Amino acid sequence: MKTPFRSVIGHLVLAVFAVTALVPLVLVLLNSFKDNSEILGNPFRLPESLSVDNFVTAWNYGQFTEGFVNSILLTGTTVVVVLICSSLAGYVLAGQKVRSWPVIMVYLTMAMTVPIQLFIFPLYSVAANAGLTDNVFVVGVILAAINMPFATFLMRTFFLNVPVEVEEAAVVDGLNTFQLVTRVLFPMVRPGLITVGVIVGLNAWNEFLISSTFLQDRDTKTLTLGFLTMNGTFSTDIGTMMAGALILIVPILAVFIALQRYVVDGMASGAVKG
Amino acid sequence: MTTTLAPRARSRSGATRPATRRRSRQSRRRAVTGYLLVSPALLLSILIVVLPGILTLLFAFTDWNGIGFDAEFIGLQNFQDILADPVFATSLKNNITWLILFLTLPVVIGLLTAALLLRRKRMRTFYQVVFLMPYVLAPVVNALVWQTIIYNPNGGVFGLLQLAPPTAGQSTSLYAAAAVDMWHYWGFLTVVYLGAMRQTPVDQVEAATVDGAGAWKVFLHVYLPSIRPTLLLMGVMTVIFSFLAFDYVYLLTQGGPAHSSEVMGTYAYAFAFSSFQFGKAAAVGLVMSFFGLLASVLYTWISRRDLLR
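Residues numbered from 1 in each chain as written. Chains lettered and ligands numbered in written order. Predicted model: local features only at pLDDT ≥ 70, side-chain atom pairs only at ≥ 80, totals over all residues.

(A) Summary view of the overall build of chain B. The secondary structure content of chain B amounts to 15 helices and 0 strands. Against the compact-globule benchmark of 19 Å for 309 residues, chain B has a radius of gyration of 27 Å, which places it well outside the compact range. In chain B, buried positions account for 47% of the 309 residues. Excluding contacts between residues fewer than 6 apart, the proportion of contacts in chain B whose partners are at least 24 apart in sequence is 64%. (Helix = DSSP H or I, 4+ residues; strand = E, 2+ residues; numbered from the N terminus. Rg over C-alpha atoms; globule rule 2.2 N^0.38 Å. Buried ≥ 20, exposed ≤ 12 C-beta atoms within 10 Å, placed from the backbone. Contact = placed C-beta atoms within 7 Å.)

(B) Focus on the interface of chain B and chain A. With 82 residues of chain B at the contact, the number on the chain A side is 77 residues. When the residues that make up the side of chain B that touches chain A are grouped by side-chain class, the tally is 54 nonpolar, 25 polar and 3 charged. (Nonpolar A, V, L, I, M, F, W, Y, C, P; charged D, E, K, R; others polar.)

(C) Examining the environment of tyrosine 35 of chain B more closely. Residue and element names in this part refer to chain B. Here tyrosine 35 lies in helix α2 (residues 16-59). Classification of tyrosine 35 as partly exposed rests on a count of 16 C-beta atoms within 10 Å. Once the C-alpha coordinates of tyrosine 35 and phenylalanine 219 are considered, the two residues, 184 residues apart in sequence, prove to be 45 Å apart.

(D) Broad picture of the domain arrangement of chain B. In terms of domains, chain B is made up of domain 1 (2-59) and domain 2 (77-307). With centres defined by C-alpha atoms, the gap from domain 1 of chain B to domain 2 of chain B works out at 42 Å. (Domains from an automatic or database assignment.)

(E) Highlighting helix α13 (residues 264-273) of chain B. Taken across its 10 residues, α13 of chain B has 9 buried, putting it largely inside the fold. For α13 of chain B, the full list of buried residues reads Met264, Gly265, Thr266, Tyr267, Ala268, Tyr269, Ala270, Phe271 and Ala272 of chain B.

(F) Summary view of the confidence of the model for chain B. Residue and element names in this part refer to chain B. For chain B, the average pLDDT comes to 85, and 91% of its residues sit at 70 or higher. Within the model, the stretch residues 1-16 combines pLDDT values under 50 with 8 contacts to residues more than four positions away or in other chains. As a predicted assembly, this complex carries a pTM of 0.87 together with an ipTM value of 0.89. (pLDDT = per-residue confidence, 0-100.)

(G) Molecular detail of the domain arrangement of chain A. All names here are of chain A. Taken domain by domain, chain A comprises domain 1 (1-61 + 238-247) and domain 2 (63-235). If you average the C-alpha positions of domain 1 and of domain 2, the two centres end up 33 Å apart. In this complex, domain 1 contributes 7 residues to the contact, which on the side of domain 2 involves 5 residues. Taken together, the elements giving at least two residues each to the side of domain 1 that touches domain 2 come down to α3 (53-61) and α13 (238-258). The greatest single-element share of the side of domain 1 that touches domain 2, amounting to 4 residues, is contributed by α13. Here the side of domain 1 that touches domain 2 is built from residues that sort into 5 nonpolar, 2 polar and no charged.

(H) Local environment of unusual backbone geometry. All names here are of chain B. A positive phi is found at glutamine 254, a non-glycine position, where the angle reads about 55°. With respect to the element layout, glutamine 254 can be found in the loop between α12 (247-252) and α13. Judged by the 16 C-beta atoms lying within 10 Å of it, glutamine 254 is partly exposed. The phi torsion at histidine 259 lies on the positive side, around 60°, for a residue other than glycine. With respect to the secondary-structure elements, histidine 259 resides in the loop between α12 and α13. The exposure class assigned to histidine 259 is buried, which follows from the 21 C-beta atoms found within 10 Å.

Structure, rendered in structure tokens:
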């Protein structure tokens, strides 16, 4: 920091981008309390009163109670399936426990880049014929399969950091593979499990293409899909739309801020190490 | 190890044979355990992603309507129909525009902000969290927020500035959707680039500084070459995802007005779920995937050394 002038410019640039990221979210907060006559004046003005009417309307019309339940069930399914399968696979790949591990690595790399549009049409048709649409657990498992390659890679890098001696000592002590994994390795890669869980959880919670295709029934809609149904009816009622948006934004930002260390680390390491 | 040593101590002659046999049986059992542990992840991926993917490959050459699996083989008819459709040409052109936008603007912003955060240790976490906020929110939420409070001519920011809503204009609709997607995406690049830059060896940076290189020179000649693998990887990922763009276009413009913002993703989706021409949808899906596949093969090739470390 030789030149304070340059340092000030740097801070200014960062601040401008921070404001860019935040302005739409601040507008949501400001306008969620206003009735329409207030908004039509100026979206940037502070609300005159803190009425919760908009929130009640949004909650009821968007069926947010069912939405929260469905989103939690769907996301929970995805996270549990991904954590179990990807950590087992990541353990095997990190320790090179099978001879064909390079083939599996190449397969996962390719699978990671297979677009949803390449498999969604037959998958939907099979699911519709088998009566498996409008089921949040089915969508949860589909999203788990999509997230699996990335999650396996990330778990592998966490297992690579476990010293070989730990595993050898456990084997000498007479632990079988199952005990080794559940009692020794899982506790050691817990940060990895949290990282993968948070990132995959966010992906599942926010997913749109698969969810909106497979969940058409009003009762199986996730939180985001319930919010989407408000769009037609309330497109002229800005206050209610913003109240709905705020209900969806606050829990996600709360979870993200609480667990930000894991999210940031996961993104940085996952992308760097492939 | 203890098991292989024990029999050798018991009988000296002919001890090697049972020992190797036992070792091979044990290693076979270990291999079986290994395959058993990878199989859930692989099976899920194969059943849900790869097999339907292969079906798409087959159905692209049929008149499949998506209901049941009766379909007639019609050769290249679907591809001929698509190539003759001017909307497909618009979609392909829009995907390429999308790609160019995403390979430039977010990359420049990401590099700039990451470089600025490199030396600001105290503010780093704060800025990363703020930059990532749009990234962790659902596309549905982001799209509807922009549509309702920013692009809205009645009560939104554009209305306040007395500007026409950009999602409704044929020349602006694609950019209106891309702007929201980029707004939500660039913070992710900042975090990824910053993560990579922080792994640059300190002695290289110090050596350059001692040689009298300014901040800009250090960035250009030390940091940029050092994060080249990450830049390349994110570039390849951008190529793949640009040809698959769907969420923000579908939510903000539905490909309109008059197909002006149609991308291949929305084009294929309309075939399947509006007119039940699943065969045609599969053909478009195949074309989209082809571009992604090129990038994917390239990526696997580039990262092969890293993968098999």
